[in-house]
Amino acid sequence: MELTEIDNEDLEAFLLESYESLTQIESDIIELEKASVNRAALDRIYRSLHTLKGNCGFLPFPKLESLAHAGESLISYLREDTKQSLVNSDRNFTATPQIITALLQTVDSIRQLLSQIQTTKQEGDADYSTLICALAKLQENQQVITVLSSSPETEESTITGTESAYIRVSVSLLDQLMNLVGELVLTRNQVIGLSQRYKDSNLTATCQRLNLITSQLQEGVMKTRLQQMSTIWQKFPRVIRDLAIAHGKQVTVEIQGADTEVDKSIIEAIKDPLTHLVRNCIDHGIESPTERHAAGKSPTGKISLKACYENSKVNIEISDDGRGLSPTQLKMRAQKLGLLTSAQAETMSDAAAINLIFLPGFSTAAQVTNISGRGVGMDIVKSNIDKINGSIEIESQPGQGTKFQLKIPLTLTIIPALIVNSNGDRYAIPQASLQELVRLEPEQAHNQIETFYDVPVYPLRGNLIPIVNLNQILHPSNPPHSQLPTQHSALSTQHSALTLVVIQADNYQYGLVVEAVEDIQDIVVKPLGKQLQAISVFMGATIMGDGRVALIIDAVNLAKQAGLYEKRQLLSSNSDANISTETEERQLILLFQGPQGALMGIPVAIAFRLEEIPSTAIEKVGNQDVVRTADRILPVIDLQKIFPSQQPTPNKETEKLQLVIVSPQAGLSVGLVVERILDIVEEPLTVKGIPSRPGVLFCAVIQGQITEILDIEAVINMVNPYLLQVSDRG
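Owing to the predicted nature of the structure, the values given are computational and were not obtained by experimental measurement. (Residues numbered from 1 in each chain as written. Predicted model: local features only at pLDDT ≥ 70, side-chain atom pairs only at ≥ 80, totals over all residues. Heavy atoms only, no water.)

## Focus: the sheet that holds strand E23 (residues 607-614)
Inference 1: One open sheet accounts for 6 strands, arranged E23-E27-E28-E26-E25-E24; its pairing is mixed. Of all strands in the sheet, those bounded by a partner on one side alone are E23 and strand E24 (618-621). Taken pair by pair, the neighbouring strands of this sheet meet at an average axis angle of 40 degrees, ignoring direction.
Inference 2: Relative to strand E27 (residues 656-665), E23 is paired through 7 bridges, and the arrangement is antiparallel. Among the inter-strand pairings, Ala607 is bridged to a residue of E27, identified as Val662. (Pairing = 2+ DSSP bridges. Helix = DSSP H or I, 4+ residues; strand = E, 2+ residues; numbered from the N terminus. Axes fitted to C-alpha atoms, helices over the stretch in contact; angles between N-to-C directions.)

## Some thoughts on the nonpolar core
Nonpolar side chains in soluble globular proteins generally cluster together in the buried interior.
Inference 1: The biggest cluster of nonpolar side chains holds 46 residues, and the ones touching the most others in it are Met229, Ile270, Leu274 and Ile316.
Inference 2: Sorting elements by how many residues they give to this core places helix H10 (residues 264-285) first, with 8 residues.
Inference 3: If near-sequence neighbours (up to four positions away) are discounted, Met229 is found in contact with Gly257, Ala258, Thr260, Val262, Ile267, Ile270, Leu274, Ala307 and Ile316. (Core = buried A, V, L, I, M, F, W, Y, C linked by side-chain atoms within 4.5 Å. Buried < 20%, exposed > 50% of the residue type's maximum accessible area, 1.4 Å probe, protein only. Contact = heavy atoms within 4.5 Å.)

## Quick notes on the pairing of strand E25 (residues 624-628)
Inference 1: In terms of burial, E25 is a largely internal element, 4 of the 5 residues being buried.
Inference 2: Examined bridge by bridge, E24 and E25 share 4 bridges and lie antiparallel to one another. Each residue of the ladder has a partner; that of Glu619, found in E25, is Val626.
Inference 3: Linkage of E24 to E25, two consecutive antiparallel strands, is achieved through a turn of 2 residues, within which Gly622 is found at a positive phi near 65 degrees.
Inference 4: Pairing of E25 with strand E26 (residues 633-638) involves 4 bridges; the strand directions are antiparallel.

## Some remarks on unusual backbone geometry
Inference 1: Positive phi values are uncommon outside glycine, yet Asn423 reaches one of about 55 degrees.
Inference 2: Relative to the helices and strands, Asn423 is located in the loop between strand E10 (414-422) and strand E11 (425-430).

## A few points about the environment of Leu590
Inference 1: For Leu590, the position within the fold is in strand E21 (residues 586-593).
Inference 2: Along the sequence, Leu590 and Val604 sit 14 residues apart, while their C-alpha atoms lie 5.7 Å from each other.
Inference 3: Beyond its immediate chain neighbours, meaning those up to four positions away, Leu590 contacts Met600, Gly601, Ile602, Val604, Ala607, Leu610, Val660, Ile677, Asp679 and Ile680.

## Regarding the sheet that holds strand E16 (residues 498-504)
Inference 1: Strands sit in the order E12-E16-E17-E15-E14-E13 across an open sheet of 6 strands; the sheet is mixed. Each having just a single partner strand, strand E12 (434-440) and strand E13 (450-452) make up the two edges of the open sheet. In this sheet, neighbouring strand axes are inclined to one another by 40 degrees on average, regardless of whether the strands run parallel or antiparallel.
Inference 2: Alignment of E12 against E16, held across 6 bridges, turns out to be antiparallel. When the bridges of E16 are listed, Leu434 appears paired with Ile503.

## Section: the side chain of Lys331
Inference 1: Residue position: Lys331 is located in helix H12 (residues 327-336).
Inference 2: With near-sequence residues (within four places) excluded, Lys331 lies in contact with Leu340, Ala345, Met348, Ser349, Asp350, Ala353 and Leu356.

## A closer look at the packing of aromatic side chains
To describe a pair of aromatic rings, you give the distance between the ring centres and the angle between the ring planes.
Inference 1: Counted under the stated rule, the structure contains 2 aromatic pairs.
Inference 2: Where Tyr427 meets Phe538, the ring centres are 6.2 Å apart and the plane angle is 0 degrees; that geometry is what we call stacked. With Tyr427 in strand E11 and Phe538 in strand E19 (residues 538-543), the pair connects residues that are 111 residues apart, well separated along the chain.
Inference 3: Judged by its relative accessible area of 7%, Tyr427 falls in the buried class.
Inference 4: Given the relative accessible area of 13%, Phe538 is considered buried. (Phe/Tyr/Trp six-rings, centres within 6.5 Å; stacked < 30°, edge-to-face > 60°.)

Read these as geometric descriptors, not functional statements.
Listed below in structure tokens is the structure:
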């Protein structure tokens, strides 16, 4: 049969299935290298190679068939030897390193053949007879050793039928479907905007139904693009093994959270950065067995890979138990490379010194190797993480190890964002970068904002945060801060309040001055055209409900554009004595109207975000009201049921409900249905009174009015104590 006679779809299906099998085979071969063999892994390898060989019988690929047959024969021998060893129940076996290496070389050769077939539709001229002979010789020489095992376990191999429940879909088709859903979201926003202009009850009800259906469709399509972290994790054991052997080191790997799901575009974006971090852990982190023994450690180093959900992001940790990072040595190395002056090194904190590894051209390697030492890599890792609106942090202790912690969004296509107004234009700030909103009255801004190193700063709960005026950054023709008589005149007047959007950018907070805050919306990220890509302060654009375009702000590059990074160390080293005692005692309180018109509040520190949902979005599971969000099923508590009113409850079937999502404990988030969100204020809670009723922590005087500060845990306990119990168990 000629290859031209084979349908292209059949060839594509063959290649896809073969690549998937190779990934599983490679993972199972690594399992065979452990002390106690995994019988199920042997069976899976045998079945996969047998299937691959059988598929080659329908295709003119004799080299691939011969290579798969040679690997299958060796695995068949190992299976037979295992059965014989199981006759004595106190014995088990493990394969020699020579057999493992030969099997991995077989996988590499098969992958090379598949790549050649995919490119040219031919097997090429490569000769694999030497490898095939080596596989046969290993079988003939019986290069298998038996080892004693005190508690042997035999795993039965099973074949499940779950594969029939899935179908393969082209990624391009999913991308097209996601683009259409994005356009539907934009249209939905426009229709909702029209319904607010025309007060018609039927139109409003239809728009709310459209909103609900669109949200569910958006959630469903996004789930089709999700891939498990195992897509990346399963390749690392092989990478770690090869690098450890090349460097004469002994390394084990521990993987957790392989089932954590992330959007495919995110997987593609973080694949190379994660690989580089793992390579650096082996090259720079893990010591040689001799060094580890001298330091009182186990000769075998350990690399841990973890992934989990944290709020609306994915938290990824890559850590090792190696030599760690020395801030002093990093400073000396940076000075030697000309990246740091001696004066800067003296005032630099240990945390800032560790972040020196992200500088372009920085390397701790004494000589260039095929893995590292050229001074490129870590800066590329950071820039790639920044591009997807993620962050990376480093924790390190000399002699104990290093941990890289990455926080990345679940998706890049449709994201929640805060819409702000500046100089008559609207801009979107991704919610992942937001910390809180602060409103300063004219007198408060005049008295509390000070200037250090030509940068206005505001004391926020014991920390000095620099302030950036969005209008002046985007319109450089306006006079900069340093040319104004006072910093205060650049930010506010005696007759206007100041609105600050506190942003977290690259482990650094700053306050962004905007003219007005409009709303939080789900926006569709559109890439900028070639003419605008050079403007680094914008990461994309979106279309608003009225058809106008809003640019999406890149929080990290905006801080760089404002020159905050150059003065970051100077500002952080400023004495805390400049922060007034009164400010330290003030707390940020979210005020809202509760049942019976009661004025209530909760600390902003436990308030995660504010949302507006249709009442029809609330569902009931058992006795608990819930609402489906983008990444979770959220329990909902209606405060009307906690603090009942004597007056009849209004019909909420077509109403929009205002939701305050709170997180009183780690791992527990609950949505509170309130009557109306009023404001966020910063007040010293010096005047307190006893609780007025169950569910209230205490009463306080805020802006001249008695306000009930809610006890969130008590409220949850009154509705569903089981939620707190589950949270305590983690």
